[in-house]
Amino acid sequence: MLISWNWLKQYVPLDMPLSELEERLMMSGLNHEGTEEVAGDMAIDLEVTSNRPDCLGHIGVAREVAVLFGNELTIPAADPREGTTPVDELVKVQIDCADLCRRYTARVIRGVKIGPSPKWLARRLEAVGIAPINNVVDISNYVLMECGQPLHAFDFGKLKGGEIIVRRPKPGETIEAIDHKIYELGADMCMICDARDPVAIGGVMGGAQTEISPDTADVLVEAAEFDPISIRNTVRSLNLHSESSYRFERRVDSENIDWASRRCCELILELAGGELVRGVVDVGEPVPKREPIVLRFSQLKRVLGIEITPQRVREILVALGNEEPSHPCSLPEGEGLIVVPPSWRRDLSREIDLVEEVARVHGYDEIPEDVGVPMVASSRRRQDRVIANVRRVLSASGFDEAMTYSVVDRQTAGTLSPWTDAEPLRTLTPVLRGADRLRTSLVPSLLAARRTNEALANPEIELFEIAKVYLPCGKKLPQEEYMLGITSGRDYLTVKGVVEAMVASLGVAVEPQANDAGIELLDPTHSCRLTLDGAVLGYVGGLHDDALKLFELRSAATVAEVKLSLLVAAARLIPCYVAQPPYPAVTRDLNLVVDEPVRWADVAATVCAGCGELFEDLQYRDTYRDADRLGANKKSLLLTITLRSKTGTMTNQQADEIRECIVTACREKYGAELR
Amino acid sequence: MDICVLPPLGYSSFISLPPHMALAEFLAELDALAQEAVAAYEAADDANALEVARIRFLGAKSGQLKAVQKQLGKVDKADKPTAGKRFNEVKRRIEAAHAAAAERLSRGVGPAAQAAGFDPTIPGVRPRLGHLHPITQTIEEIADIMGRLGFTVAEGPEVEDQWHNFEALNIPADHPARDPLDNFYLAAAERADDVLANPPSGAPQAADEKGWLLRSQTSTVQIRVMEQTPPPVRVISLGRVYRPDTPDATHVPMFHQIEGLLVDTHVTMADLKSILRLFGMSYFEDDVHIRFRPSFFPFTEPSVEIDMSWHGGWIEMGGAGMVDPNVLRAVGYDPEKVTGLAFGLGIERMCARRHGIVDIREFYKNDVRFLRQF
């Protein structure tokens, strides 16, 4: 909202420096965006929040200035001299859509002389960024910028039937607006019509057919109130924004409509001549009475934390235009006051609204910034601790943390969805370039990040992300699951090892079990699905060549995705101390030849069981295959066991016995032979 | 022409000795040789130099010690035992000096090391350390500071319903903030046959009747917390929020917010200001002052913009206010019994300012060269 310094001066003395005015306005709610000099005047740009449409005109801002500086506010009386012909003999107004148009007033001036505006008027409009057109149009704009009430002047001679009908459009009706574009009308738009056709889009823009022209002699001045939501919808669907619609969207001051109309007529008589027809056609609902508001003084201290004297409170509220009703206050003397808020402040209806008014005028600087806030205990959530730990392990393992968007495009969403078979949820408008599916896996997004980095020839692309996936749940809000996603240039076993180490670092009591992945994008010989206590924990795998092509990747890539909620539940965040025996460990290497289908996990379980109480560690070393030496369909598993006794130093003989035991067990179970 | 013949050093000086030699003279020669040899060995700074010196003094054929040994025969017979004893002492001394030098060089200590084929400037084998995303680091720091101020982290869903995103937050049905153009509403669930019938660009988009949307603020979490917890509450909610903005240097359609909420029996705006000041002082590691400018948010009243003093000016940190009584009522609290303070900070803006990042789109490109700076 641009405010002219010279114009503002007309309503309130400006005896302060410009900078002080800007500062005080900013600190009381009208944020200062900048000031520009315009032809000897100052155009002050103020940001007006949506709850304060009263400040969308000079008088509203002048009222704020008057309150802040204790200066007197002067508002023109607006008493145009009227002729003798009653207006209702000339014009009829009818509202057919009371839901869209609350109130409509019309005045008529006959015999005006259209011409350019005087310099002072043109300059003021220019200072606030409005181009002068002709005296009558300029006056309606002037009054708009003066008090915030939009007005429209019709060429009365062109209104067929001398009638105004406010109604919804008939099917197929269009209008040529004053911007000379033809607009097709929606069913719920509020149209101002003459006896036959639409002549204006109510509250948004006038029509070309009845606009003021150099030949106009008689003028009908419209001052009305339109429904904010209907205006907003009309503006959106026609993409037609105007100073008028902006104000109707935020609601105008119902009690100011007549003043604005009189003010407009007064200025037309003064600057364009003519004779004002007697009276006004005023159709619509009467303005509802404002309810009084009780303000308990104790509430100020309770909310703001500071004492403000009742005298100061009253002073501020009265200066802002609140009125104290004449009947006695129902509160005991000194405990509060009752006020009726002014018509231009629809935002004031509750006690808390008055508390804010007092606070902003009194000044937020008065509120201390060093009161002792009581201490309370807070603790980190289990989930945050676990996730912080996961981040630590991943970054220590050389992974950089990525952040990708929660949405992907249709094609990407279709590439991989290991957590659900349901169609992903979709936003009505894409969040970003075609991306409108709420992702059900992090991996496709991370592979896209991988592609971005490959295109930059960045040598090492090791990324992880911790974010949610959105799994549809029918009629319930989707299940949002935190996932760890990984993409790496390292091989399958390395990435699997990182995942295993991450799980181990959380002190999870059970080991994740690995099985065939069965995921289309992954190489079946370099991938696995992990489960924890029977629940699917995630998967790790290298992309096969077709998958690399699908994601337009040049180099091999390994991915993993882990459901973090399982780890949050299973993590043991506070480890329990275990005393360590003071005796040295003994290691033994084993080299077991087994048939191909025998799996490591089974052999490992047998080895552990064989070690019994003496077990300390089992290390997988390698798998060796050689058809000539081992025989076809055979492999040799190399492993090392570490044994330690709790009761004494182990002898070589004891260790060898254990080893024998293990070999025997493996022979019996898997036909294993020691190599 | 006068030819000046100076006695050459070392070996040649001995061959110029007269045939008979006094004991004192012999011993003096021995001492001089010993001193010279020890100095030469100590000065040797690599194996080559030491070997040259060894040959000069201890060389089996023409070493200087060998030459002196020959002089022993010219010493008077009576003096021979003394001379021989001293000769052996000096020989041992020179040999010991050589051994010490050899040992010193083999240990690789001293200036000799470089020439021994060692380069201390060769880089070590560095493990690759990953970097946490700057947004994560900012969130962790803010959550950590707020934790010290007694705020516990709370979380809620990103896909929200109308009640939590709007109604309970005092944003009624006709409020402009609910406009479809300002929110990411979800589309009606696709049926399988719809998908088949309209494969590429999709059917005309119908809004989901349940009115779900991607949350536009994390205040939704405050509602969920208050619905489930009787007062007092002191929480921060944080996470991803979504608003339809065309991406540019200062806007992205998905970003992060952190919001604080404190509801109790005696909570005032002075508490709000003081908590924000404590936060500012922790975050900026400096004395900070708080300035409130009036603002408007549906869910707080009074509503203010938060400025913090920094380097002689004011920087905008976010929005704040006292929880609107309608919000307290919506979650079943009695606004006559409790009051609440709330504040929200934009993570991307704070993070960008701290690190001098000029384009917040960088946060979501995931160029490893960007990520590895933090």
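What you are looking at is a predicted structure, and each value in this text was computed from that prediction instead of being measured. (Residues numbered from 1 in each chain as written. Chains lettered and ligands numbered in written order. Predicted model: local features only at pLDDT ≥ 70, side-chain atom pairs only at ≥ 80, totals over all residues.)

Caption draft 1: Inspection of the overall build of chain A at higher detail. Looking only at helices and strands, chain A features 20 helices and 31 strands. Taking 26 Å as the expected radius of gyration for a compact globule of 675 residues, we find that chain A reaches 40 Å, considerably beyond that expectation. Expressed along its principal axes, the backbone C-alpha trace of chain A runs to roughly 125 × 65 × 45 Å. A burial count over chain A gives 43% of its 675 residues as buried. (Helix = DSSP H or I, 4+ residues; strand = E, 2+ residues; numbered from the N terminus. Rg over C-alpha atoms; globule rule 2.2 N^0.38 Å. Buried ≥ 20, exposed ≤ 12 C-beta atoms within 10 Å, placed from the backbone.)

Caption draft 2: The domain arrangement of chain B, seen in detail. On domain assignment, one finds that chain B holds domain 1 (11–115) and domain 2 (134–156 + 217–371). Once you take the C-alpha centre of each, domain 1 of chain B and domain 2 of chain B turn out to be 85 Å apart. (Domains from an automatic or database assignment.)

Caption draft 3: Geometry of the domain arrangement of chain A. By the assigned domains, chain A splits into domain 1 (2–69), domain 2 (82–284), domain 3 (293–365), domain 4 (382–570) and domain 5 (586–674). Using C-alpha coordinates to define each centre, domain 2 of chain A is positioned 61 Å away from domain 4 of chain A.

Caption draft 4: Structural view of helix α8 (residues 257–272) of chain A. Residue and element names in this part refer to chain A. Taking 1.5 Å per residue, 16 residues should reach 22 Å; α8 reaches 22 Å between its end C-alpha atoms and fits that length. For α8, the elements touching its buried residues are β6 (101–110), α5 (135–147), β7 (151–155), β14 (219–226) and β15 (275–278). With its phi angle positive at about 75°, G273 sits one or two positions after the end of α8. (Expected span 1.5 Å × (residues − 1). Contact = placed C-beta atoms within 7 Å.)

Caption draft 5: Representation of helix α13 (residues 347–355) of chain B in the model. Residue and element names in this part refer to chain B. Three or more residues of α13 are buried, namely I347, E348, M350, C351 and A352. Packing partners of the buried residues in α13 comprise α7 (134–148), β6 (254–264) and β10 (339–346). Count one or two residues on from α13 and you reach G356, which has phi positive near 70°.

Caption draft 6: Main features of the sheet that holds strand β1 (residues 2–4) of chain A. Residue and element names in this part refer to chain A. Taken together, the three strands give an open sheet; going across it, the order is β1-β3-β2, and neighbouring strands pair in antiparallel fashion. Either end of the sheet is taken by a strand with one partner, and the two such strands are β1 and β2 (31–38). Each strand axis lies, on average, 25° off the axis of its neighbour in the sheet, ignoring direction. Where β2 meets strand β3 (residues 41–47), seven bridges bridge the pair, whose relative direction is antiparallel. Looking across to β3, one finds that N31 is bridged to E47. Relative to β3, helix α4 (residues 119–127) is tilted by about 40°, and along the sheet it contacts β1, β2 and β3. (Pairing = 2+ DSSP bridges. Axes fitted to C-alpha atoms, helices over the stretch in contact; angles between N-to-C directions.)

Caption draft 7: Region of the structure containing unusual backbone geometry. For the bond running from P231(B) to P232(B), omega is 5°, close enough to zero to count as cis. With respect to the element layout, P232(B) can be found in the loop between α10 (219–228) and β5 (233–242). A positive phi angle, close to 40°, is found at A39(A), a residue other than glycine. Positionally, A39(A) belongs in the loop between β2 and β3. Unusually for a residue other than glycine, E552(A) sits at a positive phi of about 55°. For E552(A), the position within the fold is in the loop between α16 (545–550) and β27 (558–563). By the C-beta count within 10 Å, which is 12 here, E552(A) ends up exposed.

Caption draft 8: Geometry of the interface of chain A and chain B. Each partner contributes residues to the interface: chain A has 73 residues there, and chain B has 68 residues. Among the elements that make up the side of chain A that touches chain B, the one with the highest residue count is helix α11 (residues 351–362) of chain A (six residues). Its residues assigned to classes, the side of chain A that touches chain B comprises 34 nonpolar, 19 polar and 20 charged. (Nonpolar A, V, L, I, M, F, W, Y, C, P; charged D, E, K, R; others polar.)

Caption draft 9: Quick look at the sheet that holds strand β25 (residues 522–532) of chain A. All names here are of chain A. A sheet is described by the order of its strands in space; here seven strands give the open sequence β19-β22-β23-β27-β26-β25-β24, paired in mixed fashion. Each having just a single partner strand, β19 (400–401) and β24 (513–515) make up the two edges of the open sheet. The sheet contact formed by strand β26 (residues 535–543) and β27 spans five bridges and is antiparallel. Bridged to G538 within β27 is V562. Its contacts with the sheet put helix α12 (residues 382–396) on β19, β22 (463–473) and β23 (476–488), and the angle it makes with β22 is roughly 140°.

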